[in-house]
Amino acid sequence: MNNILYKVHDNLYVNLTNRCPCACTFCLRQTMDRVGESDSLWLREEPDFETVAAEFGRFDMDAFREVVFCGFGEPTERLDLLLRVAKYVKETWGKPVRINTNGLGALINGRDIAPELEGLADTVSISLNTPDKDAYLKLVRPKFGEQSFDAMLSFAKECVRYVPNVVLTTVDTTLTKEQEARCAELCRAIGAKYRIRAWEG
Ligand code: SF4
């Protein structure tokens, strides 16, 4: 088992990398080895396109609603492979594609990556976590430092131009109602949806 593809409910998740520029205080990687029906999301080595494509052959793709790029790492760390696999999924099975991201892909890749997602991602789900820049830094601990919060928001804003469904998320029970209202306002200003997701810890 290579831990590249794993089922979560009726979706198929794609785990391309264990690299991430953040060290979130709440990261599941600190306390768990697996999510959904995976054995372990720690990769022995990062897969290439051929390996990922071969893994898809092990699954009945009709059984899945959506293909989601999300694993024990930040998927935009492997943007070229992500885009190639998303294209393969769309051309072969016509499945909707979602990218779950920390929103720092522009900093990781050194360029605005949102235009590259056009036609390949149906949904981009970005971890907002908090409406406060200072709290974000303490919670997410990104290696890019202070610029990260604004970079994440501008990535979200850019995505709205190229991706049909852009969602910013926070985790239920971690914020006050007032903070959640500020998150909703940030999302409204950007043109993205706001979703409060269930705590998974
Ligand atoms: S961005 Fe995701 S993978 Fe990276 S440290 Fe935070 S929770 Fe973990």
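Check the entry above for the structure.
My aim in this report is to walk through the structure given alongside it, one point at a time. Fair warning: this is a prediction, and the values are worked out from it, not measured in the lab.

### A word on the site of the ligand
Right, so step 1: Lining the immediate environment of the ligand, one finds Cys20, Cys22, Ala23, Cys24, Phe26, Cys27, Arg29 and Asn102.
Right, so step 2: Among the cavities detected, the one that contains the ligand is the largest pocket.
Right, so step 3: Looking at side-chain class alone, the shell around the ligand contains six nonpolar, one polar and one charged residues.

### Some words on unusual backbone geometry
Right, so step 1: Of note in this structure, Asn129 is not a glycine but carries a positive phi near 70°.
Right, so step 2: Within the element layout of this structure, Asn129 appears in the loop between strand E5 (123-127) and helix H4 (133-140).
Right, so step 3: Since its relative accessible area comes to 7%, Asn129 is described here as buried.
Right, so step 4: Positive phi, normally seen in glycine, also occurs at Arg141, with a value near 50°.
Right, so step 5: Within the secondary structure, Arg141 sits in the loop between H4 and helix H5 (147-162).

### Some points on the packing of aromatic side chains
Right, so step 1: Tallied over the full model, the rule gives eight aromatic pairs.
Right, so step 2: Measuring from centroid to centroid gives 5.4 Å for Tyr6 and Tyr13, while their planes differ by 45°, and the two rings are tilted. Of the two residues examined, Tyr6 and Tyr13, each falls in the buried class.
Right, so step 3: With 5.5 Å between their ring centres and 85° between their planes, Phe49 and Tyr88 make a pair best called edge-to-face.

About the criteria used
- Residues numbered from 1 in each chain as written.
- Predicted model: local features only at pLDDT ≥ 70, side-chain atom pairs only at ≥ 80, totals over all residues.
- Heavy atoms only, no water.
- Near = heavy atom within 4 Å.
- 1 Å grid on protein atoms, 1.4 Å probe; cavity = no way out; pocket = protein on both sides within 12 Å on 5 of 7 lines; lining within 4 Å.
- Sits in = over half its atoms within 2 Å of the grid points.
- Nonpolar A, V, L, I, M, F, W, Y, C, P; charged D, E, K, R; others polar.
- Helix = DSSP H or I, 4+ residues; strand = E, 2+ residues; numbered from the N terminus.
- Buried < 20%, exposed > 50% of the residue type's maximum accessible area, 1.4 Å probe, protein only.
- Phe/Tyr/Trp six-rings, centres within 6.5 Å; stacked < 30°, edge-to-face > 60°.

The values are spatial; any link to function lies outside them.
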